[in-house]
Amino acid sequence: MSAKDTLSAAWTKAQKTVRQLLGQDTPLVPVIRLEGMIMSGGRNANALNLQRVEKQIERAFSIKDAPAVALLINSPGGSPVQSRLIHERIRALAEEKEKTVLAFCEDVAASGGYFLAVAGDEIFVDPATIIGSIGVINASFGFTEAMDKLGVERRVKTAGKSKLIADPFSPETDQQKKRMERLLNSVHLQFIDLVKARRGDTLKPQKGEELFDGSVFTGTEAIENGIADEIGDLRTVLKARFGKDTRTKVFSPASQNPLSRLFGIALDGVELRAAWARFGL
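Residues numbered from 1 in each chain as written. Predicted model: local features only at pLDDT ≥ 70, side-chain atom pairs only at ≥ 80, totals over all residues. Heavy atoms only, no water.

### Here's the deal with the confidence of the model for the protein
What counts is decided by this rule: Scored from 0 to 100, pLDDT records how confident the predictor is in each individual residue. Any two residues whose heavy atoms approach within 4.5 Å are treated as being in contact.
Averaged over all residues, the pLDDT of the protein equals 83, while 73% of them reach at least 70. Contacts of residues 263-267 to residues separated by more than four positions or lying in other chains number 6 contacts, the stretch itself having pLDDT below 50.

### Some words on a negative patch on the surface
Operational definition: Like-charged residues are merged into a patch within 9 Å and nonpolar side chains (Val, Leu, Ile, Met, Phe, Trp, Tyr) within 5 Å, provided each residue has over 30% relative accessible area and no salt bridge. For accessible areas, the Shrake-Rupley method is used with a probe of radius 1.4 Å. Any residue's cover is judged against the shown protein chains and nothing else. Salt bridges are defined by distance alone: a side-chain nitrogen of Lys or Arg within 4 Å of a carboxyl oxygen of Asp or Glu. Neither His nor the chain ends is counted toward charge; the positive residues are Lys and Arg and the negative residues Asp and Glu. Here the site of a charge means NZ on Lys, CZ on Arg, CG on Asp, or CD on Glu. Accessible area is worked out with a 1.4 Å probe on protein chains only. A residue is then buried under 20% of its type maximum, exposed over 50%, and partly exposed in between.
Side chains of Glu209, Glu210, Asp213, Glu221 and Glu224 sit close together on the surface and give a patch of like negative charge. Note on Glu210: relative accessible area 51%, which makes it exposed.

### Here we look at the environment of Ala228
We apply this condition: Here a helix means four or more residues in a row that DSSP labels H or I, a strand means two or more in a row labelled E, and each is numbered from the N terminus.
Mapping Ala228 onto the fold places it in the loop between helix H7 (219-225) and strand E7 (230-231). Residue classification places Ala228 among the buried residues on the basis of a relative accessible area of 2%. Between the C-alpha atom of Ala228 and that of Val125, which follows or precedes it by 103 residues, the distance is 7.1 Å. Beyond its immediate stretch of four places on either side in the chain, Ala228 contacts Ile123, Val125, Ile131, Arg199, Ala222 and Ile223.

### Things to note about the nonpolar core
Under the convention used in this document: Residues belong to one nonpolar core when they are buried, are Ala, Val, Leu, Ile, Met, Phe, Trp, Tyr or Cys, and are joined through side-chain atoms within 4.5 Å.
If you look at the biggest cluster of nonpolar residues, it comprises 44 residues, and the most contacted ones within it are Leu34, Tyr114, Ile123 and Ile131. With 5 residues, helix H2 (residues 50-61) is the single largest residue contributor to this core. If sequence neighbours within four positions are ignored, Leu34 has contacts with Leu48, Val53, Leu71, Leu72, Ile73, Asn74, Ile86, Ile90 and Leu116. Of all hydrophobic cores here, the second largest spans 11 residues; its members include Val29, Phe104, Phe124 and Leu238.

### Looking at helix H8 (residues 234-242)
What counts here: Think of the arc as the fan of directions from the helix axis to the C-beta atoms. Polar contacts, as used here, are pairs of N or O atoms within 3.5 Å; protein pairs need one atom able to donate a hydrogen and one able to accept it. Residues neighboring in sequence count only if both atoms are side-chain atoms.
Those residues of H8 that sit buried are Leu234, Val237 and Leu238. Down the axis of H8, the sector holding all buried residues measures 95 degrees, keeping them to one side. Set apart from the buried face of H8 by more than 90 degrees, the exposed residues are Arg235 and Ala240. The inward-facing, buried residues of H8 contact strand E1 (28-35), strand E2 (69-75), strand E3 (101-110), strand E4 (122-125) and strand E8 (247-251). For H8, the side-chain oxygen to backbone nitrogen distance between the N-cap and Arg235 is 3.3 Å, and the N-cap itself is Asp233.

### Some remarks on the side chain of His87
When you line up the elements, His87 lands in helix H3 (residues 80-97). The contact partners of His87, leaving out residues within four places of it in the chain, are Phe115, Leu116, Val118, Ala119, Leu194 and Arg198.

### Quick word on the pattern of salt bridges
Under the criterion given, the structure shown has 11 salt bridges. A salt bridge links Arg91 to Asp121; the shortest N-O distance between them is 3.6 Å. Of this pair, Arg91 sits in helix H3 while Asp121 sits in the loop between helix H4 (112-117) and E4, and the two are 30 residues apart along the sequence. The exposure class of Arg91 is buried, given its relative accessible area of 11%. Ionic pairing is found between Asp245 and Lys244, a salt bridge with its closest N-O pair at 3.6 Å.

### Regarding the environment of Glu221
Mapped onto the secondary structure, Glu221 falls in helix H7. With 93 residues separating them in the primary sequence, Glu221 and Ala128 have C-alpha atoms 9.4 Å apart.

### Structural notes on the pairing of E1
Condition: Any two strands with at least two DSSP-identified bridges between them are counted as paired.
Among the 8 residues that make up E1, 6 are buried, leaving the element largely enclosed by the rest of the structure. The sheet contact formed by E1 and E8 spans 5 bridges and is parallel. Counterpart to Leu28 in the pairing with E8 is Arg247. Both E1 and E2 contribute to a ladder of 5 bridges, which runs parallel. Along E2, the bridge assignment pairs Val31 with Ala70.

### Comments concerning H3
This is how the line gets drawn: Multiplying 1.5 Å by the helix residue count minus one yields the expected span of that helix.
Helix length check: H3, at 18 residues, gives a terminal C-alpha distance of 26 Å against a target of 26 Å (1.5 Å per residue), a fit within 8%. Those residues of H3 that sit buried are Gln82, Ser83, Ile86, His87, Ile90, Arg91, Leu93 and Ala94. All buried residues of H3 fall inside an arc of 165 degrees around its axis, so they share one side. Facing away from the buried side of H3 by over 90 degrees, the exposed positions are Val81, Glu95 and Glu96. Residues of H3 that are buried in the fold lie against E1, H2, E2, E3, H4 and helix H6 (174-199). Of the residues that open H3, the one with a side-chain oxygen 3.2 Å from the backbone nitrogen of Val81 is Ser79. Residue Glu98 follows H3 closely and has a positive phi angle near 55 degrees.

Now the structure itself:
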C-alpha cells in the first residue's frame, strides 16, 4: 500500500471515529417538506413551486450515505406545470443518485399534491388522509348580467378571435367552451398517463370506483384502490426500515421575510382558503 493510500485509509478511519463519538454513525434520512398551494411564486410569496424548493431538493439528494429520501406532503394542489416541474426534478435526482424515494402524505395530497406523491417509489398515508383528485379544474366567474344592470360598458379590443377565451366580462360562446374543455382534457390525460406510468399494476380500482374522474379517497380507500401503498407515518416507517436510531434532517422551502409573507397571505387569502376548504380543512 502506498503512503497516499495509507494516509487516505487513516483519514477515513478518523472520520468514522469522530462520527461515532458525535453519535452521527446512525442512518440519516433527508426529508423534503412539500406543503401548501402549488403556484408560481409571483402570485404568493409562500407558494409551493420549483424555484422555492429546488435548492432544498438538491441538498437532500446530496447526502451520499442516506439510505433513502423522504417526501412529506401536505397540499391541495394547484398549478399542473409547477407540480410536474417539482415531480420531474425529484425523479431526475432519484435516478442520478440511485436513491429510493418514500412519500408520506399528511392531511391532503390531492390533485397537484398527488402529482408530487407519485414521485415516490412508495406512498404512505394516514387512514384519514384525503388523497387523489386525479383531475383538472378551471374556475372563474361571469359578470355580464351584473354589468348590464349597472350600466357598465365593456370596451376591449383584440387581434385574434380566441384572445378573449375565459374572459369573465364577456358571454361565453360554445366555441370558447369547447376550446377550454379541450385544454383541460389534454392536461387531464397527461396527469393520468403519469399516474399509470408511476403506479403501473399497483392500480386496482374497486367495484364501482373511478380513479381518474377527480374523486378523492381516504388513506384506507386509497390503499384498497392502489393509489397508495401502506398506512404509516414518517418516524415509524423510517425506524422500521433503517433501524431504531435512524435520524432525519428536514429540508423546507426558504422562509419569506414577514412583509412578503403578509402580502402573500393578503393577496391570495380567499383563493388559498377555498382550495383547502374543498377538503374540509
